[in-house]
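Examination of the molecular architecture
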Amino acid sequence: MKQLLNLTCFFLKRRLKDGFTIGYNLIFPVIMVLLLGYLTNRNFGDIVSSYQYYAIVTIPFCILMSITTAAYAAKDCAYQKTAMRFVIAPVSTTQILMANVLSCTIAFFLCYFVLFFGVVWIYRLAFSMTWLYIPLLYLSMSFLVSAIGTWIGNGMKDFLIIKNIMNIPVGLLAFLGGCFYPIGSMNHIFRFIIHLSPLTWINQAMFRCVFSESETNAVLTSMLLFLVGFVCCLIGRRSFRKEEFLYGELPGYEK
Amino acid sequence: MEELLKVEQLVKAYGEKRVLDHMDFSLFKGEILGFLGPNGAGKSTTVKCMTDIEQFDEGAVYYHSKRLTDAKSFLAFKKELGVVPQEIAIYMDLSAYENVSFFCSLYGYCGKNLKERVKNALTYTGLWEHRKELPSKFSGGMQRRLNIACAIAHSPRILIMDEPTVGIDPQSRNHILNTIRQLNEEGTTVIYISHYMEEIDAICDRVIIADHGVLIEEGGTKELKRKYADQGYEKLEDIFLHLTGEALRDEEGAS
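Keep in mind that this is a model prediction, so the values were computed, not measured. (Residues numbered from 1 in each chain as written. Chains lettered and ligands numbered in written order. Predicted model: local features only at pLDDT ≥ 70, side-chain atom pairs only at ≥ 80, totals over all residues.)

1. A word on the overall build of chain A
Each helix and strand in chain A was counted, giving eleven helices and zero strands. Along chain A, helices (α) and strands (β) appear in the sequence α-α-α-α-α-α-α-α-α-α-α when read from the amino end. A globule of 255 residues ought to have a C-alpha radius of gyration of about 18 Å, and chain A, at 19 Å, matches this closely. Each of the three principal axes of chain A carries a C-alpha extent, and together these read 60 × 35 × 35 Å. A total of 255 residues make up chain A; the buried ones form 45% of that total. Sequence-distant contacts, at least 24 apart, represent 81% of the contacts inside chain A between residues at least 6 apart. (Helix = DSSP H or I, 4+ residues; strand = E, 2+ residues; numbered from the N terminus. Rg over C-alpha atoms; globule rule 2.2 N^0.38 Å. Buried ≥ 20, exposed ≤ 12 C-beta atoms within 10 Å, placed from the backbone. Contact = placed C-beta atoms within 7 Å.)

2. Points about the overall build of chain B
Helix and strand counts for chain B come out as nine helices and ten strands. Its C-alpha atoms give chain B a radius of gyration of 18 Å, within 12% of the compact-globule value 18 Å for 255 residues. Here the C-alpha coordinates of chain B stretch approximately 55 × 40 × 35 Å along the principal axes. Burial statistics for chain B: of 255 residues in total, 44% are counted as buried.

3. A closer look at the interface of chain A and chain B
By a frequent convention, interface size equals the accessible area lost on bringing the separate parts together. The partner chain B presents 21 residues to the 16 residues of chain A that form the contact. When residues of the side of chain A that touches chain B are traced back to their parent elements, those giving at least two are helix 1 (2-17) and helix 4 (83-88) of chain A. In terms of residue count, helix 4 of chain A provides more of the side of chain A that touches chain B than any other element does, four residues in total. Counted by class, the side of chain A that touches chain B contains seven nonpolar, five polar and four charged residues. (Nonpolar A, V, L, I, M, F, W, Y, C, P; charged D, E, K, R; others polar.)

4. What to know about the domain arrangement of chain B
Residue and element names in this part refer to chain B. Domain assignment breaks chain B into domain 1 (29-60 + 156-247) and domain 2 (88-155). A separation of 25 Å is found between the C-alpha centroids of domain 1 and domain 2. Looking at the side of domain 1 that touches domain 2, the element that brings in the most residues is helix 6 (residues 170-185), giving five residues. Classifying every residue of the side of domain 1 that touches domain 2 by side-chain character gives six nonpolar, five polar and one charged. (Domains from an automatic or database assignment.)

5. Side note on the nonpolar core
Among the nonpolar cores identified, the biggest contains 148 residues, and B:V100, B:A149 and B:Y192 are the most heavily contacted of them. If you tally residues by element for this core, the top one is helix 3 (residues 50-79) of chain A, at 20 residues. Once you skip the residues sitting within four places of it in the chain, B:A149 turns out to touch B:V100, B:A121, B:L122, B:Y124, B:T125 and B:L127. (Core = buried A, V, L, I, M, F, W, Y, C linked by C-beta atoms within 7 Å.)

6. Quick notes on the packing of helix 3 of chain A against helix 6 (residues 134-153) of chain A
Residue and element names in this part refer to chain A. Running from N to C, helix 3 and helix 6 point in directions that differ by 40°, and their axes come no closer than 7 Å. Note that helix 3 runs across helix 6; the crossing there is right-handed. Here P60, I63, L64, S66, I67, T68, T69, A70, A71, Y72, A74 and K75 of helix 3 lie close against helix 6, whose contacting residues are Y138, M141, S142, V145, S146, I148, G149, T150, I152 and G153. Of the residues that constitute the contact of helix 3 with helix 6, the class distribution is 13 nonpolar, eight polar and one charged. (Axes fitted to C-alpha atoms, helices over the stretch in contact; angles between N-to-C directions. Left-handed = near helix turned anticlockwise from the far one by under 90°.)

7. Thoughts on the sheet that holds strand 5 (residues 66-67) of chain B
Where strands meet in a sheet, backbone hydrogen bonds hold them as pairs that are either parallel or antiparallel. Residue and element names in this part refer to chain B. On the basis of which strands lie adjacent, the open sheet formed by four strands has the order 2-1-4-5 and antiparallel pairing. The two strands at the open ends of the sheet, each matched to only one other strand, are strand 2 (17-28) and strand 5. Where strand 1 (residues 3-14) and strand 2 come together, nine bridges link them in antiparallel fashion. Across the sheet, the residue bridging to L5 is L27, located in strand 2. In this fold helix 1 (residues 43-50) packs onto strand 1, strand 2 and strand 4 (58-63), with an angle of close to 115° to the strand it touches most, strand 1. (Pairing = 2+ DSSP bridges.)

8. Some thoughts on the confidence of the model for chain B
Residues and elements named next belong to chain B. Of the residues in chain B, 96% reach a pLDDT of 70 or more, and the chain-wide mean stands at 88. Per-element mean pLDDT across chain B ranges from 83 in helix 9 (residues 236-244) up to 94 in helix 3 (residues 96-105). Across the interfaces of the predicted complex, the ipTM metric reaches 0.86, alongside a pTM of 0.85. (pLDDT = per-residue confidence, 0-100.)

9. Description of the packing of helix 1 of chain A against helix 5 (residues 93-123) of chain A
Residues and elements named next belong to chain A. Remark: helix 1 packs on helix 5, axes separated minimally by 8 Å, with the N-to-C direction vectors making an angle of 45°. On the basis of the axis angle, helix 1 is oblique to helix 5. Handedness of the crossing formed by helix 1 with helix 5: right-handed. Every residue of helix 5 that contacts helix 1 at Q3, L4, L7, T8, F11, L12, R15 and L16 is listed here: Q95, I96, M98, A99, N100, L102, S103, C104, I106 and A107. Partitioned by chemical class, the residues of the contact of helix 1 with helix 5 number twelve nonpolar, five polar and one charged. (Parallel < 35°, antiparallel > 145°, perpendicular 65-115°, else oblique.)

10. Some words on the sheet that holds strand 6 (residues 81-84) of chain B
All names here are of chain B. Pairing is mixed across the open sheet formed by six strands, whose spatial order is 6-7-8-3-9-10. Whereas interior strands pair on both sides, the edge strands pair on one side only; in this sheet they are strand 6 and strand 10 (214-220). Each strand axis lies, on average, 15° off the axis of its neighbour in the sheet, ignoring direction. Bridge count between strand 3 (residues 32-36) and strand 8 (residues 189-193): four bridges; the pairing is parallel. Bridging across to strand 8, L33 finds its partner in I191. With respect to the sheet, helix 5 (residues 140-152) is in contact with strand 6 and strand 7 (158-162), its orientation differing from that of strand 6 by roughly 170°.

11. Looking at helix 1 of chain B
All names here are of chain B. Most of helix 1 is tucked away: eight of the eight residues are buried. What helix 1 keeps buried is the set K43, S44, T45, T46, V47, K48, C49 and M50. Backbone geometry just after helix 1 places D52 at a positive phi near 70°.

12. Some words on the pairing of strand 3 of chain B
All names here are of chain B. When you tally the buried positions in strand 3, you get five out of five residues, the bulk of the element. Every second residue of strand 3 is oriented toward a common face, with I32, G34 and L36 on one face and L33 and F35 on the other, all of them buried. Across four bridges, the pairing between strand 3 and strand 9 (residues 206-211) is parallel. When the bridges of strand 9 are listed, F35 appears paired with I208.

So, in structure tokens, the structure goes:
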């Protein structure tokens, strides 16, 4: 337990100092909200403004995109050529993996927690107690994407392949989840297929928390996300290969 | 002499290619064992199998006559093991002190005890004055010494050094060799892997020579010189070339 805590704190410090984490999880969402909000300003009514809509749907999308950041974090030791020291130290594989998952979870959660309250303050969303369930959603999503990212990161040597492959399903899920445009409002076919994306369920839970003061969806979705994240941790542990953990090259990252 | 570690009939193959073919040797308490072999001889693979980085196909490793069979027994063994990898395995964006401190903490040390150990390791390697500096600003020799400091801070009983003096100036090399002698005098048993015969001759009590994954010779340095003197081979390098051949090796190491 002490070793896990030690490793988690170390990895967390690295994540919080990492420009990759800050850039993708703090700066990028802000730009997305401002840009999409501005471009679609006239398409939204009085109840929900375009800025409010994108402030809510952009954060889950960016958390999902953090799979790439978590995969990168899993490869950090290999790129720094220090992975060997972790493998020869009296630290178990499970501890290494869980430290990576937990450190990424905390780092992502902190970024999006700050971002959400920044958005609330800027766009003057009316506060209600059900909002307190939104951080729970962020935490469960962060845990899930960290688990998936760690699993994928430790299963592949080449980070660029991971990055390129992951962008496709994440983009598709985000499109279906209404992260770029509320496609569910277009026709009944779209209204059906959007439910194939987990982002739809998450976004709906968020909207219910913010505008309908209903937390049931948020709690159920969070529990489900935690459960799937835990399963991904188990799969990641089973499929862990020391060779993949030890070696990896990232162009432009040489010491 | 007390047998500390025994490598018994290790076999390891990558596909069709056998890189270790019944590798068999012992390490005795308090000695410095030189491990020689041309590229592709199986030196690094032997170390990886001994330290549980790679799994071997056949054979066994014993520590204090107890067979290391599972992750748990290897974890206990790793607490008493220090490895200086061939590649420099340190974080370039952390100070020398932070590097040694973190890697030592993986062995369960904390607080005052940890600070003392870090200080000792950095003093041993002549880096205490540079403890606050980033390794990226260090010379090659200083980085090598920091690589060693990270491996000795937890006072291992067995220290495996894989070509620790590659590409450094004679002053740094001399300092490293003196450090190894001093560590050995204080009770650390050392396995020293190198291509530099004069280093092996200067610090090792006993030598094992491997080629094509097989142990082909072993004995005390003086004993070997006496044995081969009749055949006109007086230096360790001559004996090595006689045993392994003078033909150029294009074979890549397994690492």
